Amino acid sequence: MNLELKKAIDQISKDKGLDRDMLVDTLEEAVRTSVERKYGADLDVEVRYSDETGDIEVYQFKFVVEEVVNPLTQISLAEAREHDPSVQLDDEMGFRLKIEDLGRIAAQSAKQVIIQRMRDAEQEIIYDEYKDRVGEIVSGIIQRRDKGGWVVNLGRTEALLPKEEQIHHEHYKRGERTQALIIEVKREGRGPQVIISRSHRDYMAALFRLEVPEVDDGIVQIMGVARDPGSRAKVAVLSRERDVDPVGACVGVRGSRIQNIIQELHGERIDIVVWNPEITTYARNALAPAMVSRIAVDEAENLLEVTVPDDQLTNAIGRKGQNVKLAAKLLGWKIDIFTESRYNEANAIGRGLEQVASVAEIPVEHFVNAGFTTLDTLRSASDEELADKLTLSQGRIADLRSAINFLSPVVEGSDDGTEAAEAGDSAAAHGEEGR
């Protein structure tokens, strides 16, 4: 009895988590390959592993013929009847081969095949396991630096934390534990490649599921995440139950829940935003802590024109434009921010242009299309330019000049004597939609 082989199969199956039947099939296939390498592929053999004795039995099959042409596959009738007197022509007979006769080289080849098959099977199991865990947080030990990033030991396999998926100010040391989000599992020649991330926006959503039971249960839903990894983030939430405050649930008692997430992200600031299906309400929430006066929606351009009090411009834009950029990413809209002074100034000019157009009986669109978007550009244009761009006769040009001169004092005084703010004080901020 070959109990050692039986014990080896049992141990490998247990330690590696591999299917025992698969190991037996691999063993039989390896022995069959070794026999064919020694005697040739024409040899018809059958390999059987006995689970009771742990022995491997190899049988060679030959056809009974009158005249032998290939001794590996044929046996003469006379010789066959020495083994079985009842045998007939064209019958097939099986003869047991001694596995010891395979030789040392063949045995080594069989061993290599077994090892490779087990490795392939183990890698396939690991791939199947981790491909279903995309979007899950895993913990591992920082092992070594690779040209593409840091290699993290997850236990059963290794993962890669690429440079672009790291938080820029974090520093990693060999032997320390870290956690990250599985974002991709790829098949590679050396085995499955697990890609993890600490900067991905879904990592923050996963941390909320981990720390906030209401999020994990689906009572509070995360509707969107915008991150400047390691610095600041905005998370939009919605409650599915009236009596559950989504912001309070995420923050926790005395900020306990949100602090655990901030600590894991090494101090990244997190704004919790209440999601709303109405885009202007949602935008007001997303631009907090800034106060918003009014919002104009341009659906064709996917643009929000936001007006804020003059003293709120800094809050609305944020440090290095961070607040408006994160809000734009969260909303999926472009955002232009104006101060009240800039808004009133622009509207006063616009109203004046419309009044001139009405008095002169010229559609305001004609002025805009010709490039005259303000009273100043219209007033400073020469008669030849007006005639050329607006196709006006000298009489109509005279009427237009009269309308401008008549209405200009009214329009210019519409600011109640307030002078235009300097360019720097009436700046507009523009936040692009995130990809």
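Each value, and the rule that gives it
- Residues numbered from 1 in each chain as written.
- Predicted model: local features only at pLDDT ≥ 70, side-chain atom pairs only at ≥ 80, totals over all residues.
- Heavy atoms only, no water.
- Axes fitted to C-alpha atoms, helices over the stretch in contact; angles between N-to-C directions.
- Helix = DSSP H or I, 4+ residues; strand = E, 2+ residues; numbered from the N terminus.
- Left-handed = near helix turned anticlockwise from the far one by under 90°.
- Contact = heavy atoms within 4.5 Å.
- Nonpolar A, V, L, I, M, F, W, Y, C, P; charged D, E, K, R; others polar.
- Pairing = 2+ DSSP bridges.
- Parallel < 35°, antiparallel > 145°, perpendicular 65-115°, else oblique.
- Buried < 20%, exposed > 50% of the residue type's maximum accessible area, 1.4 Å probe, protein only.
- Arc of directions from axis to C-beta.
- Salt bridge = Lys/Arg side-chain N within 4 Å of Asp/Glu carboxyl O.

A.B. asks: Which residues make up the packing of helix H9 (residues 279-286) against helix H11 (residues 322-331), and what are the values?
C.D. replies: The interhelical angle for the contact between H9 and H11, taken along N-to-C directions, is 145 degrees, at an axis separation of 9 Å. Judged by the sense of rotation from one axis to the other, the crossing of H9 with H11 is right-handed. Contacts between H9 and H11 involve Ile 279, Tyr 282, Ala 283 and Ala 286 on the former and, on the latter, Ala 327, Leu 330 and Leu 331. Considering only residue class, the contact of H9 with H11 consists of seven nonpolar, no polar and no charged.

A.B. asks: How would you explain the sheet that holds strand E8 (residues 177-186) if you had to name every residue and give the values?
C.D. replies: In sheet architecture, strand pairing relies on hydrogen bonds along the backbone and comes in two forms, parallel and antiparallel. One closed barrel holds the five strands; their spatial order is E5-E6-E7-E9-E8, and the pairing between them is mixed. With direction set aside, neighbouring strand axes in the sheet form an average angle of 55 degrees. Of the strands in this sheet, strand E5 (137-146), E8 and strand E9 (193-197) are in contact with helix H5 (residues 201-211), which crosses E8 at around 120 degrees.

A.B. asks: Kindly report on the packing of H5 against helix H8 (residues 256-264), identifying the contributing residues and their values.
C.D. replies: Helix packing for two helices is described by the angle between their axes and how far apart those axes are. Two elements in contact, H5 and H8, have axes separated by 10 Å at closest approach and are oriented at 140 degrees. In terms of orientation, H5 and H8 fall into the oblique class. Judged by the sense of rotation from one axis to the other, the crossing of H5 with H8 is right-handed. Facing H5, whose interface residues are Tyr 203, Leu 207, Phe 208 and Glu 211, H8 presents Arg 257, Ile 258, Asn 260, Ile 261 and Glu 264.

A.B. asks: Describe the sheet that holds strand E11 (residues 232-239), with residues and values.
C.D. replies: Spatial ordering of the open sheet is given by E10-E11-E12, a layout of three strands whose pairing is mixed. Taken across any chain shown, the strands that pair with only one partner, and hence form the sheet edges, are strand E10 (220-228) and strand E12 (269-274). Each neighbouring strand pair of the sheet contributes to a mean axis angle of 20 degrees, computed without reference to strand direction. With eight bridges joining them, E10 and E11 adopt antiparallel strand pairing. Note that in E11 the partner of Asp 228 across the bridge is Arg 232.

A.B. asks: Lay out the pairing of strand E2 (residues 56-65) in plain terms, naming residues and giving numbers.
C.D. replies: Burial of E2 is extensive: eight of the ten residues sit out of reach of the surface. Bridging between strand E1 (residues 44-49) and E2 involves six bridges; their strand directions are antiparallel. Paired with Arg 48 across the bridge in E2 is Glu 57. Where E2 lies against strand E4 (residues 92-97), six bridges are found, and the strand directions are antiparallel. Paired with Val 58 across the strands is Leu 97, a residue of E4.

A.B. asks: Go over the pairing of strand E14 (residues 303-308) with me, naming the residues and quoting the values.
C.D. replies: It is a general feature of regular strands that their side chains alternate between the two faces of the sheet. By the criterion of burial, E14 is predominantly enclosed, with five of the six residues buried. Bridging between strand E13 (residues 294-298) and E14 involves five bridges; their strand directions are antiparallel. Bridge assignment links Asp 298 to a residue of E14, and that residue is Leu 303. Following E13, the chain reverses through four residues before pairing antiparallel with E14; Asn 302 in that reversal takes a positive phi of roughly 55 degrees. Two elements, E14 and strand E15 (residues 334-339), share six bridges in a ladder whose sense is parallel. Counted as the bridge partner of Val 306 is Ile 337 from E15.

A.B. asks: Can you break down H8 residue by residue, with the values?
C.D. replies: Of the positions making up H8, those classed as buried are Ile 258, Ile 261 and Ile 262. All buried residues of H8 lie within an arc of 100 degrees about the axis, which places them on one face of the element. Elements that come into contact with the buried residues of H8 comprise H5, helix H7 (246-251) and E12. In the stretch just after H8, His 266 is the one whose phi turns positive, near 55 degrees.

A.B. asks: Break down the side chain of Gln 322 for me, citing the residues and quoting the values.
C.D. replies: As for its position among the elements, Gln 322 is in helix H11. Since its relative accessible area comes to 13%, Gln 322 is described here as buried. With near-sequence residues (within four places) excluded, Gln 322 lies in contact with Asp 228, Ser 231, Arg 232 and Ile 317.

A.B. asks: Give a detailed account of the pattern of salt bridges, specifying residues and quantitative values.
C.D. replies: One pass over the structure, following the stated rule, counts 18 salt bridges. Two residues, Arg 232 and Asp 271, come together in a salt bridge whose shortest N-O distance is 2.7 Å. Of this pair, Arg 232 sits in strand E11 while Asp 271 sits in strand E12, placing them 39 residues apart in sequence. When its relative accessible area of 5% is taken as the criterion, Arg 232 is described as buried. A salt bridge links Lys 234 to Asp 271; the shortest N-O distance between them is 3.1 Å. Of this pair, Lys 234 sits in strand E11 while Asp 271 is found in strand E12, placing the two residues 37 residues apart along the sequence. For the pair Lys 234 and Asp 271, a shared accessibility class is recorded, and that class is buried.

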